[in-house]
Structure formats: structure tokens, C-alpha cells
Amino acid sequence: MSGMFAVMRKEWKTYLITPAAYVVVALFAFVSAFFFYNMLAVFVMQSLNGGFGGGNLNVDVQVLQPLMFDIGITLLFLLPMVTMRQYAEEANSGTMELLKTAPIRRMDVILGKFFAALGLLIVLLIITGFYVGVVAHYGAPDLRAAAISLLGLLLLGGAFLAIGLLISSFTKSQVVAGVITFVLFLVLWIADWPVAYSSGTAAHVIGYLSVTSHLQNFTQGILDLKDVIFYLSLIVAGLFLTARRMELAE
Amino acid sequence: MLEVCNVSKDYGPFHAVRDLSFTAAAGEIVGFLGPNGAGKTTTMRLITGYLPPTRGEVKVDGLVVRTNALEAKRRIGYLPEVPPVYPELTVNEYLNFCARLRRVPSRQRQDAVARACQRTALNDVRHRVIGHLSKGFRQRVGIAQAILHEPQLLVLDEPTAGLDPRQILETRQLIRELAGQHTVIISTHILSEAAATCERVVIINRGALVAVDSPENLTHRLKSTDTIELQVRGPQPAITALLGAIEGVLKAEFSHLRQEVGTWQLEVANAGVREEVARRIVGSGWGLLELRPIDLSLEEIFLSLTANQPEGQVEAPPPAADAEKGVQL
């Protein structure tokens, strides 16, 4: 355990003194704020018009739900930048020899890196929470649904991080790790498209792997055990395979 | 302290290390010698548990590294060929991280880091970022990291590679200081390096053991005769004739002339002949400018050792030794 905390502390130190984490947080803040501001502006405009027509306006459906979904897409773009260096850099700079000859378990290193990245993800979700706060200050959103959405994003992001860590353990090149991770995330994101035109088993199996359809339930405030298990199993599989990969690399 | 028992490491069809066995007693400095590509780094990695051996076992303090990894690794300090440093951290931050990895208890951590910095003369740069330090300092940070937790076994992979002469002397001095408290294994491809610091030398080639002995014994065992080099100002044919006539000189060979000073190489039966050589040259009124014994280089020792080996252990002449000479030219 102490080995895990040592690795986690070191990763956090690196986040604090190198630009990569700041870039990720800054870009996330910028992009998510842009989404939020635009959705809010459209909603406000519709509200003003709605005063005349008596339309059916709902801040959850029109602002928070699409916002959470778009933030999921933003994570898809940004999290590869967090995970791509995690193992690739250690392998490239020779510090892997330090980690592997230290009296700590393989899992200590993997979990240390994973939870450090998860900490960074939580910073991003705190920024997201701020948007919920803004809406709650001026309106009455469904806070329970918003909390479930944030949990969904945490699980989605965690799954991305575990998969990214696995891919990073396969290469010494950060660029290769980054590109493969990004493309794989993209594939996982669009995997449910075949369901739209095919009712075959294959389409449904592939569709089930889509991270999007599972996120949709969360953003609508539906907490389904099946979705939680889906993301958790991705996380466990990613971390476990990383451990196997490190073992076989010897 | 360290037992390497019949260890082999295969990478597919390639045998990086084959059936290697040697031991190191507590407090001993053992040099691990061989040309580039002989399997030195692989062996170091097998000892430190970075790689598992394909066959055989490595035992540290009686603990099998493969099966009792955590306990064995606590007893090992390791400086890989490339110092395993994080360029973005300061020396202090890095060593604190290493102390945590090595499970130095939190109360002793500051002391351990301070002591390691003291011993490796890093105090002046403790708060500087490692990425901004010179190669010599990084190497010292690597050594500090290895001795931080007072390991019983210290494994140093080419600790002086890439350092300037002064840093090499400082590093050797440091290694000598470390002996006694630690068992030290140093890999190198330079014999003088091993001769300067080690009590015992293990020579390997193509992954297999060639010889284990003290540096003095190795050079001694290999030459039945001594070679000396001589620089004399004077008439070349007369000097050659005189040298050849001295009793105990087995062979006198003129090598070259530079600025009226001739250089000769003599093979002599014993060291005592040197005095007679000096007396006769000075007695003849010629100018004796230099007289020195020539030690065998690693290349020569290596070639003579492998030449005597039975077929099968060494399949081909060692190209690495030649390649090394080529690089030096």
C-alpha cells in the first residue's frame, strides 16, 4: 500500500510541476465553459420566447443532460493526453528499472498511477460541478440527476484512464500510445451506431460495448447497476491486463 | 551474501546469459567484466529482480529473488546503466520518492536522504531540478538513490561510464568507501577500472563465465613473462644488440623512433631484470628516458582467456573486443 501512495504522490508532484496537467485542466475548463455558456444562452433565449408561447422548458433536458454528454466527449479527447505518458515515459527514460527493482508490488505502481490520474479527473468533474451550481443558483435543476451524471462521468473517465494506462504499457513512444488510445476511445464511443440499422446479435454485442449508451442513462439521472458494472468491469479489466502485460514484458 | 546459481536468460533463440554461477561474500567488491554485449547488464538485471531468469536462481542474503522478491529487493540497491531519474523533480524530491519506494520509515526518511546526499557530495544541488544537472551529477544522484536505504548488496552498472576523469576518480573513491558496509557488484568493460576498485573479478563473454579471480592473479596467471617498454636516446642498432645480450631478456624488439628517441619492447623473465637493463643502458652512456612495465589490457586478457577455452563454450572469436578497439581508434 505504501508503495502505491509513493507512486501516487510522485505522479501528483509531476502534475503540479509539469505543464501537461495544467494544459488538460485549462483546455477542459475552456471547452466545457464554451459548451455550458452556449447551452445556457440558447435556453435563456427560449425561456424569453417561451413566456409568450407557453412552451415546455426544462433546464435538465435542455442544459445539463447535453452538457454532461458533451463533457464525456471532451474527456474522450483529453484523457489520452493524461494516460499516454504514464508507462511510455517510464519505459523510455529508464525509470522503469527503479520501479521494478523497488520492494513494491506491480499493482502498487499500476494503482498509484491510476488513482493519481483519477484525482486529476476529479478536478475536471469539480469544474463541471461548478456549472451545476450556476444552474442551481438561478433555477431548480434535478440535483440528484446531476449527481448521478457526475458519477457516470467519473466511471466513464475511470474506464478511459484504465484503458489508456494499458495501452501506455505497450509502447515506449508517447505519441503512439496517445494516438492508439484516442482512436480506441473513439471506437468505443461510436460502437453503438450499428444498432441503429441492424437488429443482429453482433450489432447488439458491439453496441453494448459502446461507452455512450451507458453514459446516456447516467445523464438522464437513471442509476442502473448494469451500467455501473459495465464501467467497473472495464476499469478492472484495464488494470488487470496492465499487470499481466508488465509481467509478460519481463 | 550474493549467490548466482546456474542462471540462464534466453530471449527466444538468443542466449543472453548461460549457466552463470558466482558468489560474492559480505563486504566484498566484485568487478563484473566483459566486452560490450557480453551479458553484463542482463546479469545485473537478473540479480536485482528486474528480469526473472529463464533457469537457475539468484539468492541475496539467502532469499531467492524470484520467489521472495519484496524481501530480497529491500536488501538491494541498484544503479542501472542509465541513472533512473525523473528530470522534472529536484534531487531532494526524487530521493524522498525513492526513500518511500524503498520503504524507509517516515521518521528516518529525512536522515537517509541527507546522509545519501552527504556521501555522494550532492548537498550543493539538493534543491535543483535533476534535468538541469550535468551527467556527472545525475550519475551521483543515481548512486545516492542506490545507497539511500543502506542495502546489503549494491549493484552498480557501469558507474563511471560517461564521466570525466576527475569524476571517475571521485566515484571510485566513493565505491571504495562503500565497501565493507555493503557488498558491491560493479560491471565495467575497462580492466583498469576493476583493478582500481575490486578485490575479485568475474569475467564473462557471450553470457558465459570465463574466469573468476583477483585482478593481480588474473594478470599474473596469464603472463608467464613480463613485458616492459623502454625509451632510450642513442644509436638504435647498438642498443638493440645490447638489450638482446642481457641475461633474462627473452626478446628485445625495436618498435619506433620519435624525435631521436627510440622505443623498445622487451619480454623479460622476471621483474628483477629491469634493474640490470637500466644499469647497462646508463652505463653505456645512453639516455634512459622511460622504463615501465606494461600491464595486459582487458582485450589481451580476454583474448588469451577465450583462446584457451574448449570448443563449444565460445563458438566464435570475440568480435566485441575488436569492435571496442575500433571505437577507441
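Please read all numbers here as calculations on a predicted model, not as lab measurements.

Trainee: Sorry if this is basic, but what is going on with the packing of aromatic side chains here?
Mentor: Aromatic ring pairs are reported here in terms of the distance separating the ring centres and the angle at which the planes meet. Under the defined criterion, the tally for this structure stands at 14 aromatic pairs over all chains. Seen from their ring centres, Tyr-208 of chain A and Phe-230 of chain A are 5.5 Å apart, and the 80 degrees between their planes marks the pair as edge-to-face. In this pair, Tyr-208 of chain A sits in helix H8 (residues 201–208) while Phe-230 of chain A sits in helix H10 (residues 225–248), placing the two residues 22 residues apart along the sequence. For Tyr-208 of chain A, a relative accessible area of 41% gives the class partly exposed. By relative accessible area, which is 4% here, Phe-230 of chain A ends up buried. Centroid distance Phe-254 of chain B to Trp-264 of chain B: 5.0 Å. Interplanar angle 65 degrees. Geometry classified as edge-to-face. A residue pair is termed long-range when its members are at least 10 positions apart, and Phe-254 of chain B in strand S12 (residues 249–258) and Trp-264 of chain B in strand S13 (residues 261–268) qualify at 10 residues. For Trp-264 of chain B, a relative accessible area of 1% corresponds to the buried category. The rings of Tyr-208, Phe-218, Phe-230 and Tyr-231 of chain A are connected pair by pair, giving a single aromatic cluster.

Trainee: Would you mind going over the pattern of salt bridges with me for this structure?
Mentor: Pairs can form between side chains of opposite charge whenever their charged atoms are close. Evaluated as defined, the whole model comprises 26 salt bridges over all chains. With a closest N to O distance of 3.8 Å, Glu-253 of chain B and Lys-251 of chain B form a salt bridge. Since its relative accessible area comes to 44%, Glu-253 of chain B is described here as partly exposed. With a relative accessible area of 42%, Lys-251 of chain B lands in the partly exposed category. One network of salt bridges, with partners in common, ties together Lys-10, Glu-11, Arg-85, Glu-89, Glu-90 and Lys-113 of chain A.

Trainee: It is not clear to me how the side chain of Asp-227 of chain A should be interpreted in this structure. Could you clarify?
Mentor: Residue and element names in this part refer to chain A. Mapped onto the secondary structure, Asp-227 falls in helix H10. Lys-226 provides the closest opposite charge to the buried, unpaired Asp-227, separated from it by 4.0 Å. Apart from residues lying up to four places away in sequence, Asp-227 is in contact with His-214, Asn-217 and Phe-218.

Trainee: Help me out: how do you make sense of the sheet that holds strand S1 (residues 2–11) of chain B in this one?
Mentor: Adjacent strands of a sheet form backbone hydrogen bonds with each other and so pair up, either parallel or antiparallel. Residue and element names in this part refer to chain B. The sheet built from four strands is open, its strands ordered S2-S1-S4-S5 with antiparallel pairing. Here the strands that pair on one side only, and so sit at the sheet edges, are strand S2 (14–24) and strand S5 (63–64). Most of the contacts of helix H1 (residues 40–48) go to S2, to which it runs at about 60 degrees, and overall it touches S1, S2 and strand S4 (55–60).

Trainee: Can you walk me through the domain arrangement of chain B in this structure?
Mentor: Frequently, the measure chosen for interface size is the accessible area removed from exposure when the parts meet. As assigned here, chain B comprises domain 1 (2–75 + 151–220) and domain 2 (224–294). Averaged C-alpha coordinates put domain 1 of chain B and domain 2 of chain B at centres separated by 40 Å.

Conventions used here
Residues numbered from 1 in each chain as written. Chains lettered and ligands numbered in written order. Predicted model: local features only at pLDDT ≥ 70, side-chain atom pairs only at ≥ 80, totals over all residues. Heavy atoms only, no water. Phe/Tyr/Trp six-rings, centres within 6.5 Å; stacked < 30°, edge-to-face > 60°. Helix = DSSP H or I, 4+ residues; strand = E, 2+ residues; numbered from the N terminus. Buried < 20%, exposed > 50% of the residue type's maximum accessible area, 1.4 Å probe, protein only. Salt bridge = Lys/Arg side-chain N within 4 Å of Asp/Glu carboxyl O. Lys, Arg positive; Asp, Glu negative; His and termini not counted. Contact = heavy atoms within 4.5 Å. Pairing = 2+ DSSP bridges. Axes fitted to C-alpha atoms, helices over the stretch in contact; angles between N-to-C directions. Domains from an automatic or database assignment.

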